[in-house]
There are 2 protein chains.
Amino acid sequence: MPAIDPAAALGLLKFDSAGLIPAIAQQHDSGEVLMMAWMNRDAVAETLATGRVCYWSRSRGALWRKGETSGQQQRLVEFLIDCDGDTILLKVDQDGVACHTGRRTCFYTAARAEGLAVIEAVKISPEELYGK
Amino acid sequence: MPAIDPAAALGLLKFDSAGLIPAIAQQHDSGEVLMMAWMNRDAVAETLATGRVCYWSRSRGALWRKGETSGQQQRLVEFLIDCDGDTILLKVDQDGVACHTGRRTCFYTAARAEGLAVIEAVKISPEELYGK
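What this report covers is the structure whose coordinates are included nearby. Predicted, not measured: the structure shown is a model, and the values here were computed from it.

This part is about the environment of L20(A). All names here are of chain A. By secondary structure assignment, the location of L20 is in the loop between α1 (7-12) and β1 (21-27). Look at L20 and you get buried, because its relative accessible area is 7%. For the pair L20 and A37, spaced 17 residues apart in the sequence, the C-alpha separation amounts to 9.8 Å. In this view, L20 contacts F15, W38, M39, N40, W56 and R58; residues no more than four positions away in its chain are not counted.

Next comes the structure, spelled out in structure tokens:
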């Protein structure tokens, strides 16, 4: 996709007191919700400029170019902002798997009447993802 | 759906320093991401027990039974927890519209190369939703 000037989006977005905003990633064609992570202003600007999704890692305190270690990148298809300007929905094309456990989505645990259930199998082992 | 004992889910969930956790609502059959809001422990417990989605309103500082004013309720279909336990994905059946602007989804503004674009029309006027 073409590079997008981030000025308009940044003017609409409301970052929290830590300078962050939640971003949901959804596979653009299947509709699968893959993960939720956080962005700061730099991550938003880089994502729009490059078309490759970049988050802010709260644990590492650094920009996190999704897939930089695992190879499982996300290409931006559509960048959506909610009515309050305080949440982002990224429609993406996910390479391989989004979750560090090797599953397609991070949302693989269901709370059901019979208890917690793991409803998705591992597709790529974490050793294969991170051991290279 | 049957009532779900919240103990197992609450044992897995990590609430932030304000006692809240983000919850994404997705229409269970179409895959449409409708909104993102926040839950506290009581909202999680009530949602699982009743099968009707209840959030925590940060602006009002009170439980927010989705649709209590507008009539646009969300019935819980599946309650999913992510790999880190710090985000919830609710698969729901949404009555009417999820957004207070009268749109089906809150994510109706796209950041594109040509600028911001509103990509969804209002389906029910806010006056009709809240004026009754």
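Picking up after the structure, the text goes on.
All names here are of chain A. Here 4 bridges tie strand β7 (residues 109-112) to strand β8 (residues 115-118), and the two strands are oriented antiparallel to one another. Each bridged residue has a counterpart across the sheet, and for A111 the counterpart in β8 is L116. The hairpin turn running from β7 into β8, its antiparallel successor, is 2 residues long.

Bringing the relation of the copies chain A and chain B into the picture now. Structural alignment of chain A on chain B gives an RMSD of 0.0 Å, achieved by rotating through 180° and translating 0.0 Å along the axis. In the structure described here, the two chain copies are related by an operation that fits a two-fold rotation axis. It is G31(A) whose C-alpha, among those of chain A, lies nearest the rotation axis, at 2.5 Å. An overlap of 100% is found between the interface residues of chain A and their copies at the interface of chain B, pointing to a shared contact surface.

To continue, consider the pairing of strand β6 (residues 88-94) of chain B. In regular strands, side chains alternate between the two faces of the sheet. Residue and element names in this part refer to chain B. Counting buried positions over the 7 residues of β6 gives 5, a clear majority of the element. Two elements, strand β1 (residues 21-27) and β6, share 5 bridges in a ladder whose sense is parallel. Residue A25 lies in a different strand from β6, and its bridge partner there is L90. Pairing of strand β5 (residues 74-81) with β6 involves 7 bridges; the strand directions are antiparallel. From the neighbouring strand, I81 faces β6, where its bridge partner is I88. As consecutive antiparallel partners, β5 and β6 are separated by 6 residues, and within that stretch G85 has a phi angle of approximately 75°, a positive value.

About the cut-offs
- Residues numbered from 1 in each chain as written.
- Chains lettered and ligands numbered in written order.
- Predicted model: local features only at pLDDT ≥ 70, side-chain atom pairs only at ≥ 80, totals over all residues.
- Heavy atoms only, no water.
- Helix = DSSP H or I, 4+ residues; strand = E, 2+ residues; numbered from the N terminus.
- Buried < 20%, exposed > 50% of the residue type's maximum accessible area, 1.4 Å probe, protein only.
- Contact = heavy atoms within 4.5 Å.
- Pairing = 2+ DSSP bridges.
- Least-squares fit on C-alpha atoms with pLDDT ≥ 70 in both.

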